[in-house]
Amino acid sequence: MNDPVWLNRARAALRAATEGSDSVGIEVAKLLSDEQVGSDGLILAVLWWVDRLIEGSDPATVTAPAPVPDIWPVDMDLSQRWALQMVAARINDDQDEGQRLMVEASRDFDYLTECVGTLVILAGLSLAGRL
């Protein structure tokens, strides 16, 4: 049985991020531009990356955080904020917040690419023990 296209693309992007490869952006672009992936596949890929991040973490440190505050460090860019909010939404099983974040990012393709790329890199760095 063949895996869905979104999963193959998501794995390739996460592998690149875990290895610290410069090809993360290329793999994310392939996922986002692949018509077979579509918006449903993109959502599944985002959830898959977050789940890998959570599963690869120390269970003692993965808790359902309080709602993410509106006060962010000055040096945190919007894509980093988006990625952390997506992780928090998944941990909290907050589907409405996850959907809101996807709609927000999808309004601009470049921003979507940044957000998804940041999330993949966050997961890859965590899984590689570099966070």
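Residues numbered from 1 in each chain as written. Predicted model: local features only at pLDDT ≥ 70, side-chain atom pairs only at ≥ 80, totals over all residues. Heavy atoms only, no water.

**Quick word on the overall build of the protein**
Next up, step 1: The helix and strand tally for the protein stands at six helices and zero strands.
Next up, step 2: Taken from N to C terminus, the helices and strands of the protein fall in the order α-α-α-α-α-α.
Next up, step 3: Looking at the protein as a whole, 38% of its 131 residues are labelled buried.
Next up, step 4: Sequence separation of at least 24 residues holds for 68% of the intrachain contacts in the protein that already meet a minimum separation of 6.
Next up, step 5: Total accessible area on the protein is roughly 7,700 Å²; 53% of this is exposed by carbon and sulfur atoms. (Helix = DSSP H or I, 4+ residues; strand = E, 2+ residues; numbered from the N terminus. Buried < 20%, exposed > 50% of the residue type's maximum accessible area, 1.4 Å probe, protein only. Contact = heavy atoms within 4.5 Å. Areas by Shrake-Rupley, 256 points an atom, 1.4 Å probe, with all protein chains shown as cover.)

**A look at the layout of surface pockets**
Next up, step 1: By volume, the largest pocket is sized at about 340 Å³.
Next up, step 2: The wall of the largest pocket is formed by 16 residues, among which Ile43, Leu47, Gln95, Gly98 and Gln99 lie closest to the centre.
Next up, step 3: Among the elements that line the lining of the largest pocket, the one with the most residues is helix 5 (residues 95-106), at six residues.
Next up, step 4: In the lining of the largest pocket, the residues fall into eight nonpolar, five polar and three charged. (1 Å grid on protein atoms, 1.4 Å probe; cavity = no way out; pocket = protein on both sides within 12 Å on 5 of 7 lines; lining within 4 Å. Points joined across faces, edges and corners; volume = space filled by probe spheres on them. Nonpolar A, V, L, I, M, F, W, Y, C, P; charged D, E, K, R; others polar.)

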